[in-house]
Amino acid sequence: MRENAIRARGGGASGVMVVSLGLVAFGVAALGVLLAARLAALPIGPGSATLGSATAPGRPVGIPVFAYPALMCLLLFAVAIGIFGATFAKRTLATLAVVMLLVPTVLLAGTAWQFRSSAWSGYLALPTVALIAPAVVAMRRRQASADLVIVVAAILASLAVGATAITQIIAYTAAGTSGGLPLFGAGLEQVVTMLGVLVAPMAILAGGGAVSFARTATGFVGRSIERTARGRSAPLVVIATLLLVLAVAMTVMDVAGARSPGRWLVRLAVTAAVMVLGIAWWRWAARGVPATADAVESGASTGAPTVAIVLAAFTAPLTLGLVAASVLSAVGGGTGLVGPVTRLADAMGHAWTGTTYALLVGALFLAAAAYVARSRPSLAAAWLGLAGLVLIALVGWNQLFPGPEWGGFTITDIARAGSVLLLAGAVWLLVRLRSLPLLLAAFDVREAFAISGVLVLILQGSFAADPFGALFGFAGIGLVFFGVVWGFLTSGAHSSVTGLPGLGRTAVLLSYAVLSTTLLAWGLATGPDAHATMSGAFGQVGSNLLGSTVLLALIAAWLPGQSTPIHSRAA
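Within every chain, residues take consecutive numbers counted from 1 along the sequence as written. Side-chain atom pairs in this predicted model are given and counted only at pLDDT of 80 or more, local residue features only at pLDDT of at least 70, and totals for whole chains, interfaces and linings cover all residues. To obtain the side-chain values, all non-hydrogen atoms of the structure were used and water was disregarded.

Chemist: Just checking my understanding: could you explain the overall build of the protein for this structure?
Modeler: For the purposes of this entry, the term helix denotes a DSSP run of H or I that reaches at least four residues, the term strand denotes a run of E that reaches at least two, and both are numbered from the N terminus. When helices and strands are tallied, the protein shows 22 helices and 2 strands. Per-residue burial over the protein gives 53% buried out of 571 residues. The contact definition used throughout considers only heavy atoms, calling two residues in contact when any of these lie within 4.5 Å. Long-range contacts, defined as pairs at least 24 residues apart, comprise 82% of the intrachain contacts of the protein with a sequence gap of at least 6. Throughout, the Shrake-Rupley method with a 1.4 Å probe supplies accessible areas, and for residues the shown protein chains are the sole cover considered. As displayed, the protein has an accessible area near 24700 Å², and 70% of this comes from carbon and sulfur atoms. For every residue, the accessible area obtained with a 1.4 Å probe (protein chains only) is divided by the maximum for its type, and the residue is called buried under 20%, exposed over 50%, and partly exposed between those limits.

Structure follows, in structure tokens:
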């Protein structure tokens, strides 16, 4: 983790100020997440707003009086930092950053335009939002200095977000508005709910991050035991063996306690076959490439965001349709897009739509990775193809056997099959070699301890689903918040890019971290119903897909036969 530095060089004092402001805003938003459970428990007093919840009729969402201004201030900072980062980041990342900024600003500015007759500031927000993309393009072409960019970014963010906030406050607090209390309307709730789609990629990434964190934690414990034993491997061997036996025992108990053990054995056998195929794929796609724990995570740092973005893009047509309908309604008062958007939502709600999309994505990943790995073996290609294989197996199983008697395919299945395969393989190899020292020489003992510990943690149950849910008080939200923090501390800010492009990358990631964490804090502060759409399904997809891929990749790289044995990462 030492190499995952936050870069503020290249932009002088302006670059340092932007990164510092981003870190402070991220800290404030994170504090809002940590304290949101207490805030949500506070009684709704005078000066607070109450939203009628469309998702839970009769259960209004209470908003503390400072929640809206805090949300808008953090959003303003996220937009300003994002514009700054998009100006200097590489083209692909800059394009994604501009899209990320336009979705929330267009939605909010559209509501401000509707109330332009109540406040002059309503005329400013939407035109300013229209200038964000051209301004970024112009500053990139002219290679504007960081000092100029930060001024332009601050002006655009203030006019787009600040004017929206002023307009909404004036409109909703005007005399005669719904009983005299600030009523920030069901429209605001719908806007914030739609913004939850921006958290989807991070929610998906959090699943892989949980396994990566578990590997880091068990690796640290393994190093500590090794230091305590003064370099002797015997304690690690004993503990790793006990952990692996414990994992197998937990698997046996799960199968024996099931209502239909026969079905569970079939499920275990199918998962084992998927694992064997995955390991064979990894050996071919990463042939000749040194396999270290850091190298495996390097492949994940490229593949996981790609998978998360492509999967989250399933909701992009509906989101863009909602944005277009909102803008059309705000500017012209037309409702021509409402019908098509409603029909699109109905079509996307069918199970076959998501299944078809996921299977096509999995096949595309596997085919593209095979094409690349045929001539240029790499861990990135191996990881992406492995993710495609896991996605096809996961979706295929859940589609063929949707009934509760079979159960859904999850990361726990990979852990169960992995523990059985590893123990059986170790016993078979020991019988074949007839020598324990030779067996130990074939494996990295420290990594064996780490992987065995990860298997036990996953089989424990609650860790894979939501490792930090108890800390935050709401199921699902802990996993997503952890994904934001862990992703930023590890692969998020780590890149070989330096100078202004490196500063731009850091600023874009900071902007996304602030925006995501702000939306999570908003959901928690307004009650569990409000944030349900921002985690849940996407978090589980990430845990089952990316978490399984990371676990399978670590096992495949650790097994004997790679060109370089897998070693534990540096402290």
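Next comes the rest of the description.
Chemist: I would appreciate a short explanation of helix H15 (residues 411–433) in the present structure.
Modeler: In an α-helix, one turn spans 3.6 residues; hence positions three or four apart end up facing the same way. To estimate how far a helix should extend, the number of its residues minus one is multiplied by 1.5 Å. Under the 1.5 Å per step criterion, the end-to-end length of H15 is 32 Å for 23 residues, consistent within 8% with the ideal 33 Å. When we look at burial in H15, the residues that qualify are Ile 411, Thr 412, Asp 413, Ile 414, Ala 415, Arg 416, Ala 417, Gly 418, Ser 419, Leu 422 and Leu 429.

Chemist: How should I be thinking about the pattern of salt bridges in this particular structure?
Modeler: What counts as a salt bridge is simple: a side-chain nitrogen of Lys or Arg found within 4 Å of a carboxyl oxygen of Asp or Glu. Summed over the entire model, instances satisfying the criterion amount to 5 salt bridges. Among the salt bridges present, the one from Arg 215 reaches Glu 447, with a minimum N-O distance of 2.6 Å. Here Glu 447 lies in helix H17 (residues 445–459) and Arg 215 lies in helix H7 (residues 200–228), a separation of 232 residues in the sequence. Overall, Arg 215 belongs to the buried group, its relative accessible area being 0%. Put simply, Arg 267 and Asp 413 hold a salt bridge, and the shortest N to O gap is 2.7 Å. Here the residue Arg 267 occupies a position in helix H9 (residues 261–285), and Asp 413 occupies one in helix H15, the gap between them amounting to 146 residues.

Chemist: Even after reading the chapter, I still don't get the side chain of Ser 121, so can you show me in this structure?
Modeler: Mapped onto the secondary structure, Ser 121 falls in the loop between helix H3 (91–114) and helix H4 (122–141). Taking the relative accessible area as the measure of exposure, Ser 121 reaches 3% and is therefore buried. Whenever a nitrogen or oxygen atom comes within 3.5 Å of another N or O atom, the pair is scored as a polar contact, on the condition that within protein one atom can donate a hydrogen and the other can accept it, and that pairs from neighbouring residues in sequence are kept only if both atoms are in side chains. Within the structure, the side chain of Ser 121 is placed 2.7 Å from the side chain of Thr 167, a separation counted as a polar contact.

Chemist: For this particular structure, what's the right way to read the packing of aromatic side chains?
Modeler: Remark: the centre distance and the inter-plane angle together describe each pair of aromatic rings, the angle taken between the planes. Each pair of aromatic rings taken from Phe, Tyr and Trp, with Trp reduced to its six-membered ring, is defined by centres within 6.5 Å and is described as stacked if the planes are under 30 degrees apart, edge-to-face if over 60, and tilted in the remaining cases. On inspection of all chains with the given rule, the structure shows 2 aromatic pairs. Both rings, one in Phe 84 and one in Phe 88, keep their centres 5.2 Å apart while their planes meet at 65°; by these two values the pair is edge-to-face. You can see Phe 84 and its partner Phe 88 sitting in helix H2 (residues 67–88), 4 residues apart, about one turn around the helix. Comparing Phe 84 with Phe 88 shows no difference in burial state: the two are buried. Aromatic side chains Trp 281 and Trp 284 sit 5.5 Å apart centroid to centroid with 50° between the ring planes, which places their arrangement in the tilted category. In this pair, Trp 281 and Trp 284 both sit in helix H9, 3 residues apart, roughly one turn of the helix. Classification of Trp 281 as buried rests on a relative accessible area of 12%. Each ring is checked for a lysine NZ or an arginine CZ that lies within 6 Å of its centre and within 35 degrees of its normal; such an atom marks a charge sitting over the ring. Note that Arg 267 overlies the ring of Trp 264, its terminal NZ or CZ placed 5.0 Å from the centroid.

Chemist: Is there a simple way to think about the environment of Val 24 in this case?
Modeler: Mapping Val 24 onto the fold places it in helix H1 (residues 12–41). Its relative accessible area of 53% is what places Val 24 among the exposed residues. Residues Val 24 and Val 514, 490 residues apart in the sequence, show an inter-C-alpha distance of 9.4 Å.

Chemist: Explanation requested: helix H14 (residues 379–400) in the structure shown.
Modeler: Counted at 1.5 Å a residue, the expected span for H14 with its 22 residues is 32 Å, and the 31 Å between its end C-alpha atoms agrees. Of all 22 residues in H14, 17 are buried; the element is thus mostly enclosed.

Chemist: How should I be thinking about the nonpolar core in this particular structure?
Modeler: As used here, the term nonpolar core means buried Ala, Val, Leu, Ile, Met, Phe, Trp, Tyr and Cys residues forming a set that is joined through side-chain atoms within 4.5 Å. Of all hydrophobic cores here, the largest spans 74 residues; its most connected members are Trp 282, Val 307, Trp 383, Leu 422, Leu 455 and Leu 551. Broken down by element, this core gets its largest block of residues, 12 residues, from H14. Listed in part, the 59 residues of the second largest apolar core include Val 136, Met 139, Ala 146 and Ala 153.

Chemist: Please explain the packing of H9 against H14 as it appears in this structure.
Modeler: How two helices sit against one another is set out by the angle between their axes and by the gap between those axes. Inter-axis angles, ranging from 0 to 180 degrees, are taken between N-to-C directions of lines fitted to C-alpha atoms, where helices are fitted over the stretch in contact. Axis separation between H9 and H14 bottoms out at 9 Å; the angle between their running directions is 160°. By the angle between their directions, the pair H9 and H14 is classed as roughly antiparallel. Considering only the axes of H9 and H14, their crossing is right-handed. Across the interface between the two elements, Arg 267, Val 270, Val 274, Leu 277, Gly 278, Trp 281, Trp 282 and Ala 285 of H9 pack against Leu 379, Ala 381, Ala 382, Trp 383, Gly 385, Leu 386, Leu 389, Ala 393 and Trp 397 of H14. Class assignment of the residues belonging to the contact of H9 with H14 gives a composition of 14 nonpolar, 2 polar and 1 charged. For this classification, under 35 degrees means roughly parallel, over 145 means roughly antiparallel, 65 to 115 means roughly perpendicular, and everything else is oblique. In a left-handed crossing the near helix is turned counterclockwise from the far helix by less than a right angle, and in a right-handed crossing that turn is clockwise. Each residue gets one label: Ala, Val, Leu, Ile, Met, Phe, Trp, Tyr, Cys and Pro are nonpolar, Asp, Glu, Lys and Arg are charged, and the others, such as Gly, are polar.

Everything listed here is a matter of geometry and, on its own, says nothing about what the molecule does.
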